[in-house]
Amino acid sequence: MRDLRLLCQTMFSNVETSGYVGFANLPNQVHRKSVKKGFEFTLMVVGESGLGKSTLVNSLFLSDLYPERVIPNAVEKQNTTVKLDASTVEIEERGVKLRLTVVDTPGFGDAIDNSDSFSAILEYIDEQYERFLRDESGLNRRNIVDNRIHCCFYFISPFGHGLKPLDIEFMKKLHCKVNIVPVIAKADVLTKKEIQRLKCRILQEIEENGIKIYPLPDCDSDEDEDYKEQVRQLKEAVPFAVCGSTTLLEVKGRKVRGRLYPWGVVEVENPEHCDFIKLRTMLITHMQDLQEVTQEVHYENYRSERLAKSVRKNTNSVIKDENGGAVVEVLSEKDRILREKEEEIRMMQMKLAQMQAKFQAQK
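The protein chain appears in an unreviewed UniProt entry as Septin from Anopheles darlingi. Looking at the Sequence similarities (unreviewed entry) heading of the UniProt record, one finds this comment for the protein chain: "Belongs to the TRAFAC class TrmE-Era-EngA-EngB-Septin-like GTPase superfamily. Septin GTPase family."

Shown next as structure tokens:
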């Protein structure tokens, strides 16, 4: 007993003198667990047909997400409505797995009357929130698949003089539901001065209409200078003027992805030619923040509104008292869900008891 007491004193004295407990290794544990589990991210791309949405997404992730897509002709586009096409691909890079889901919106902005073109998109976003809320309130919450939209690339045509009425209306409808990142498509059709003028015009119209786009988080004071400079450049690049390409070309003895024109080659990954690298850097380095904003802001807003509506529209449950009178009980959404789960458990227990009785009878 004396030896054990001496051993404990020695251990505690060593901890005090070293001043090191060991919880600084916790981030390594979280990192290993996260890498083993893998990450999931959902990106939505919205914009008119012909702006290069699919090409840009394939360029960003070096994958072919639409191998079987059939592009409709002009006659077929006249009768099409907005539909949503979700494609999921598993990407692995240096042992890190990413389950990427890209939700495309073919048919958006193609009709003559586009006043109702974003209703299907709003419904889809709400459906994913509702599904997540239902799974979160269920009995088995271990394997919840997060299909909520974490980021929305909204493609703006480079051929106009700013935002169209459809662009403004769409972003005003969605800015409280999803992280919107404005993207100027096919930037290789504009000169640098034209791009800068268009960026200023778009930012001005966004501010005038009270549209909230995804704000890049500010750097902490203890961050290194290189990261601060990177964030500063990303903020200055909004809205990102990009062009995409999956074609490999040879320029001065090196292979590059770009577009070949009679006057030269536009290199997709050249910062002097477009903002493709900045857009990809923003998406990858702030992927976790995009998910956190979705969870803590947009999903919580939907959840609170959903529960508030459920309380207002609650059906009254009538329970009779001992004297035969009717007592009206107003159930909250939480109580209603709990009662439903209790009823499910009761039914399962009854079925189990019946199966056990049947098994005993067979013996």
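Engineer: Is there a simple way to explain the packing of aromatic side chains in this structure?
Structural biologist: The geometry of an aromatic ring pair is captured by two quantities: the separation of the ring centres and the angle between the planes. Per the counting criterion, the structure on display carries 5 aromatic pairs. Here the aromatic rings of Y154 and F170 are separated by 4.9 Å at their centres, their planes lie at 20 degrees, and the arrangement is stacked. Here the residue Y154 occupies a position in strand β4 (residues 151–156), and F170 occupies one in helix α6 (residues 165–174), the gap between them amounting to 16 residues. The pair formed by Y154 and F170 is uniform in burial state, with each residue classed as buried. Judged by centre distance (5.0 Å) and plane angle (0 degrees), the ring pair of Y261 and W263 falls under stacked. Taking the ring centre of F132 as reference, the NZ or CZ of R148 above it sits at 3.7 Å. Cation over ring: R148 sits above Y299, and NZ or CZ is 4.9 Å from the ring centre.

Engineer: Would you mind showing me how to read the nonpolar core here?
Structural biologist: Soluble globular proteins: nonpolar side chains tend toward being buried together. By size, the foremost hydrophobic cluster in this structure holds 36 residues, and its most contacted members are F41, F153, V181, F240, L279 and M282. Those elements that provide at least two residues to this core are β1 (39–46), α3 (53–61), β3 (96–104), β4, β5 (180–184), α8 (225–237), α9 (276–285) and α10 (287–312). Residues in contact with F153, not counting those within four places in the same chain, are L43, M44, V45, V46, L60, V181, V183, L279, M282 and L283. By size, the runner-up hydrophobic cluster in this structure holds 35 residues, among which are I121, I125, L133 and I184.

Engineer: What is the right way to read the sheet that holds strand β8 (residues 254–261) from this model?
Structural biologist: Strand pairing in a sheet relies on backbone hydrogen bonds. The paired strands run either parallel or antiparallel. Across the sheet, which stays open at both edges, the 3 strands sit in the order β7-β8-β9 with antiparallel pairing between neighbours. Across the chains shown, the open sheet's two edge strands, defined by having one partner strand only, are β7 (248–251) and β9 (264–267). Averaged over all adjacent pairs, the angle separating strand axes in this sheet is 70 degrees, with direction ignored. Note: β7 against β8, 4 bridges, orientation antiparallel. Bridge pairing links L249 to V256 in β8.

Engineer: What should I look at first to understand unusual backbone geometry in this one?
Structural biologist: Across the chain, the bulk of peptide bonds are trans and the bulk of non-glycine residues have phi less than zero. A cis amide bond links V238 to the next residue, P239, at an omega of -5 degrees. Mapped onto the secondary structure, P239 falls in the loop between α8 and β6 (240–241). Although it is not a glycine, K186 adopts a positive phi angle of roughly 50 degrees. Its place among the elements puts K186 in the loop between β5 and α7 (192–208). A residue is classified by how much of its surface remains accessible, and K186, at 33% relative accessible area, is partly exposed.

Thresholds, definitions, all that
- Residues numbered from 1 in each chain as written.
- Predicted model: local features only at pLDDT ≥ 70, side-chain atom pairs only at ≥ 80, totals over all residues.
- Heavy atoms only, no water.
- UniProt positions renumbered as here; feature names shortened; annotations may be inferred.
- Phe/Tyr/Trp six-rings, centres within 6.5 Å; stacked < 30°, edge-to-face > 60°.
- Helix = DSSP H or I, 4+ residues; strand = E, 2+ residues; numbered from the N terminus.
- Buried < 20%, exposed > 50% of the residue type's maximum accessible area, 1.4 Å probe, protein only.
- Lys NZ or Arg CZ within 6 Å of the ring centre and 35° of its normal.
- Core = buried A, V, L, I, M, F, W, Y, C linked by side-chain atoms within 4.5 Å.
- Contact = heavy atoms within 4.5 Å.
- Pairing = 2+ DSSP bridges.
- Axes fitted to C-alpha atoms, helices over the stretch in contact; angles between N-to-C directions.

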